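# Analysis of the macromolecular model
If you want the building blocks of each chain, they are given just below.
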Amino acid sequence: MDAGVRVSDSCIDEFKTFNSQKSQWRALVFAINDECSSVDVVKKIAKGENADTWNDLIENVIKKEYETSPVWVTLNFETVKVEDSVERHISKLVYLHWCPNKSKLKLKMLMASTKGTLYSKLNCSMVCMEGTALADLEEKYLLEKLKSSL
């Protein structure tokens, strides 16, 4: 279902830059603008800032800035997997759909109807996470989703 909220060209351009090998960004935060007419990039988080791990993202970005505001976040999640005493560095893109229970009903409906449009316009394979409460965003749930690809 399309609610008439368009994904701005700047979102796609910003994501392409973010998804490049030499990107300086750890995460991008997208939100529906105040007029409810388009999805825009509202925050760019550089590598080395306050979102270098999943828990950092939740604590320093979601809890502090978006606890009651719905947003989408794309995160370049990096981890190390050890198998047979060999370390493997792994990087996966995570697409977080954060729509807290405290959000206004209209925004919840717009977020739900626009989620798929944004994901398809970004045109990239990502691990999808969804949350309506902070408990939904525990790292163990992300690692469960990543298990098959790690």
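Preceding this paragraph is the structure being described.
Attention here is on the structure that accompanies the text. Residue positions within a chain follow its written sequence, with the count starting from 1. Confidence filtering applies because this is a predicted model: local features only for residues at pLDDT of at least 70, side-chain atom pairs given and counted only at 80 or more, and all residues used for totals across whole chains, interfaces and linings. Side-chain figures throughout are based on the complete set of non-hydrogen atoms in the structure, without hydrogens or water.

### Notes on the sheet that holds strand E3 (residues 38-46)
Two strands in a sheet stick together by hydrogen bonds in their backbones, pointing the same way (parallel) or opposite ways (antiparallel). Strand order in this open sheet of six strands is E1-E3-E2-E4-E5-E6, and the pairing throughout is mixed. Strands with a single pairing partner mark the edges of an open sheet, and in this sheet they are strand E1 (6-7) and strand E6 (127-131). Should DSSP find at least two bridges between two strands, the strands are taken to pair. Comment: elements are numbered from the N terminus, with helices defined as DSSP H or I runs of at least four residues and strands as E runs of at least two. Where strand E2 (residues 25-32) lies against strand E4 (residues 71-83), four bridges are found, and the strand directions are antiparallel. Looking at E4, one finds that Leu28 is bridged to Thr74. Contacts: residue pairs with any heavy atoms within 4.5 Å of one another. Structural elements are reduced to axes, namely lines fitted to C-alpha atoms, with helices fitted over the stretch in contact, and the angle between N-to-C directions of any two is expressed from 0 to 180 degrees. Where helix H2 (residues 54-65) meets the sheet, its contacts fall on E2, E3, E4, strand E5 (86-98) and E6, and the angle it forms with E4 comes to roughly 160°. Each of E1, E2, E3, E4, E5 and E6 is contacted by helix H3 (residues 105-122), which is oriented at about 140° to E5, the strand it contacts most.

### Considering the nonpolar core
With 23 residues, the main nonpolar core has Trp54, Leu57, Ile62, Val71, Val73, Leu96 and Leu142 as its most contacted residues. Contributing elements (two or more residues each) for this core: E2, H2, E4, E5, E6 and helix H4 (139-146). Sorting elements by how many residues they give to this core places H2 first, with five residues. Residues in contact with Leu142, not counting those within four places in the same chain, are Trp54, Phe77, Val94, Val127 and Met129. What makes a nonpolar core is a set of buried Ala, Val, Leu, Ile, Met, Phe, Trp, Tyr and Cys residues whose side-chain atoms join them at distances within 4.5 Å. Remark: exposure states derive from per-residue accessible area (1.4 Å probe, protein chains only) relative to the maximum for the residue type, with buried under 20%, exposed over 50%, and partly exposed in between.

### Digging into the pattern of salt bridges
Whenever Lys or Arg places a side-chain nitrogen within 4 Å of a carboxyl oxygen from Asp or Glu, that contact is recorded as a salt bridge. Using the criterion set out here, one finds seven salt bridges in the structure. In this structure, the salt-bridge partner of Lys44 is Glu14, at a minimum N-O distance of 3.3 Å. One end of the pair, Lys44, is in strand E3; the other, Glu14, is in helix H1 (residues 9-18), and 30 residues separate them in sequence. For Glu14, a relative accessible area of 23% corresponds to the partly exposed category.

### Looking at unusual backbone geometry
Backbone geometry follows two general trends: most residues other than glycine have a negative phi, and most peptide bonds adopt the trans configuration. The phi angle at Cys36 is positive, at roughly 60°, despite the residue not being glycine. Along the chain, Cys36 turns up in the loop between E2 and E3.

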